[in-house]
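Next come the chains, spelled out residue by residue.
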Amino acid sequence: MKKIGIITSGGDSQGMNACLKTIIKMAERYNIEVIAFFGGYKGLVFDECKTVTSKDADMYFSVGGSFILSGRYPPFIEKKEWDKAKAVYKKHNLEALIVLGGDGSIKAANDLSTLDMNIIVVPCTIDNDVFCTSKSIGFDTAVNNAVNAIDNIQQTMKTNGRVLIAETMGRHCGEIAMHAGLCSEADIIMIPEKKQDVEKIVREVGKQLAVGNTSPTLVLSELQINIDDLAKKITETYNKECKAIVVGYIQRGGSPTVQDKLLAIRMGVGAMDCVLNKNYGCVVSLVKEEIKFIPFEKAIKAKYKFNEELWQTFLELKRFKTEKKKSKKSK
Ligand code: F6P
């Protein structure tokens, strides 16, 4: 019987379980055994594993997280760790390893491929920063969660006439903040792709207040500035209460959206197609709405295509909103 290994690696994302179940179900159909290594690459290195069946995955299809656990394993940058992983791969006589993870996991998969291991990656990260695919599994759910959280907070902020600063996840990529900001009708969005200094942001808040917006919302992605300092500055400058909220891990939990489930199913099937056709060393990707298999080297070099149209749409809506408020105020 053919055997494959599977891991979920890095920050988990909603839809990982749906993808795992799809892969396991397909493997059963083709009489392939699936060995899950627990907690990402670390589980592989330390050979912490178990054969999994669709029964094991059954209850998890609609659940966030990963039922085979995930995690980061910083020592994996060292070749001696790859050698250990290879030894485990050989010990189990694996035909291939499927990795569900983000950009760091792809780099690690590429390193392992140099040791003649057959690897396929399915892009799973809420950050949407795997650039060979237009969407990664988990992004849609994370944006929905962020929008729901910001919408809720806005209701009380507006009622109390407070300024809101909402910080989303995304590491060095502003995808979550831009989408969540647009869909929660933020007045100001601050993302690393469109650098703006703190002074400018404070002035922007001032402009909003001046046109009669008593409760402006600012959505920004993490790791750019200290939001508590920004809140203090806004309060001091305009004598206006300002709350800084980290949306946080709520973005990474909960059931995947239908969009994410569909992507998880399509990409899971794509990963198993790779196994069946011995198409290894690639990332299962969504390119122009179609599932494609992008070789690691190309995937790693793929450039970020910032959605300028969406950004311009945000700016246009903001101009329109501000003009409207201005004319209302002057009447
Ligand atoms: O990579 C996904 C991500 O959710 C980032 O947006 C965030 O910065 C990070 O993971 C947090 O991960 P953790 O705290 O679990 O290491």
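Residues numbered from 1 in each chain as written. Predicted model: local features only at pLDDT ≥ 70, side-chain atom pairs only at ≥ 80, totals over all residues. Heavy atoms only, no water.

## Section: the sheet that holds strand S10 (residues 282-287)
Here is step 1 of the chain: Read from one edge of the open sheet, seven strands run S3-S2-S1-S4-S5-S10-S11, paired in mixed fashion. Either end of the sheet is taken by a strand with one partner, and the two such strands are strand S3 (49-52) and strand S11 (290-295). Across the sheet, the axes of successive neighbouring strands diverge by a mean angle of 30°, strand direction being ignored.
Here is step 2 of the chain: Contacts from helix H10 (residues 258-277) reach strand S1 (2-8), strand S2 (32-37), strand S4 (96-101), strand S5 (119-123), S10 and S11, with the element oriented near 140° to S10. (Pairing = 2+ DSSP bridges. Helix = DSSP H or I, 4+ residues; strand = E, 2+ residues; numbered from the N terminus. Axes fitted to C-alpha atoms, helices over the stretch in contact; angles between N-to-C directions. Contact = heavy atoms within 4.5 Å.)

## Concerning the pairing of S4
Here is step 1 of the chain: In terms of burial, S4 is a largely internal element, six of the six residues being buried.
Here is step 2 of the chain: Here S4 shows a buried face lined by Ala96, Ile98 and Leu100 and a second buried face lined by Leu97, Val99 and Gly101.
Here is step 3 of the chain: Sheet topology note: the S1/S4 ladder contains five bridges and is parallel. Note on S4: the bridge partner recorded for Thr8 is Leu100.
Here is step 4 of the chain: Here S4 runs beside S5; their pairing, made up of five bridges, is parallel. Each bridged residue has a counterpart across the sheet, and for Val99 the counterpart in S5 is Val121.
Here is step 5 of the chain: In this fold, S4 hands off to helix H5 (residues 103-113), which returns the chain to S5; that crossover is right-handed. (Buried < 20%, exposed > 50% of the residue type's maximum accessible area, 1.4 Å probe, protein only. Right-handed = clockwise from strand over helix to strand, strands pointing away.)

## As for the packing of helix H8 (residues 198-210) against helix H9 (residues 227-238)
Here is step 1 of the chain: The interhelical angle for the contact between H8 and H9, taken along N-to-C directions, is 45°, at an axis separation of 10 Å. Judged on the interaxial angle alone, H9 and H8 are oblique. For H8 against H9, the interelement crossing comes out right-handed. Facing H8, whose interface residues are Val198, Glu199, Ile201, Val202, Arg203, Val205, Gly206 and Leu209, H9 presents Leu230, Lys233, Ile234, Thr237 and Tyr238.
Here is step 2 of the chain: Each residue belonging to the contact of H8 with H9 can be placed in one class, and the counts come to eight nonpolar, two polar and three charged. (Parallel < 35°, antiparallel > 145°, perpendicular 65-115°, else oblique. Left-handed = near helix turned anticlockwise from the far one by under 90°. Nonpolar A, V, L, I, M, F, W, Y, C, P; charged D, E, K, R; others polar.)

## Regarding a nonpolar patch on the surface
Here is step 1 of the chain: A cluster of nonpolar side chains, namely Met59, Tyr60 and Val63, defines an oily patch on the protein surface of about 310 Å² accessible area.
Here is step 2 of the chain: Topologically, Val63 is positioned in the loop between helix H3 (54-57) and helix H4 (79-91).
Here is step 3 of the chain: Of the residues examined, Val63 reaches a relative accessible area of 37% and is grouped as partly exposed. (Patch = residues over 30% accessible without salt bridge, like charges linked within 9 Å, V, L, I, M, F, W, Y side chains within 5 Å. Areas by Shrake-Rupley, 256 points an atom, 1.4 Å probe, with all protein chains shown as cover. Salt bridge = Lys/Arg side-chain N within 4 Å of Asp/Glu carboxyl O.)

## Some details on the packing of aromatic side chains
Here is step 1 of the chain: Taken as a whole, this structure holds seven aromatic pairs when the rule is applied.
Here is step 2 of the chain: Centroid distance Tyr60 to Phe67: 5.1 Å. Interplanar angle 10°. Geometry classified as stacked.
Here is step 3 of the chain: Three or more aromatic residues joined by ring pairs make a cluster, and in this case those are Tyr41, Phe46, Tyr73 and Phe76. (Phe/Tyr/Trp six-rings, centres within 6.5 Å; stacked < 30°, edge-to-face > 60°.)

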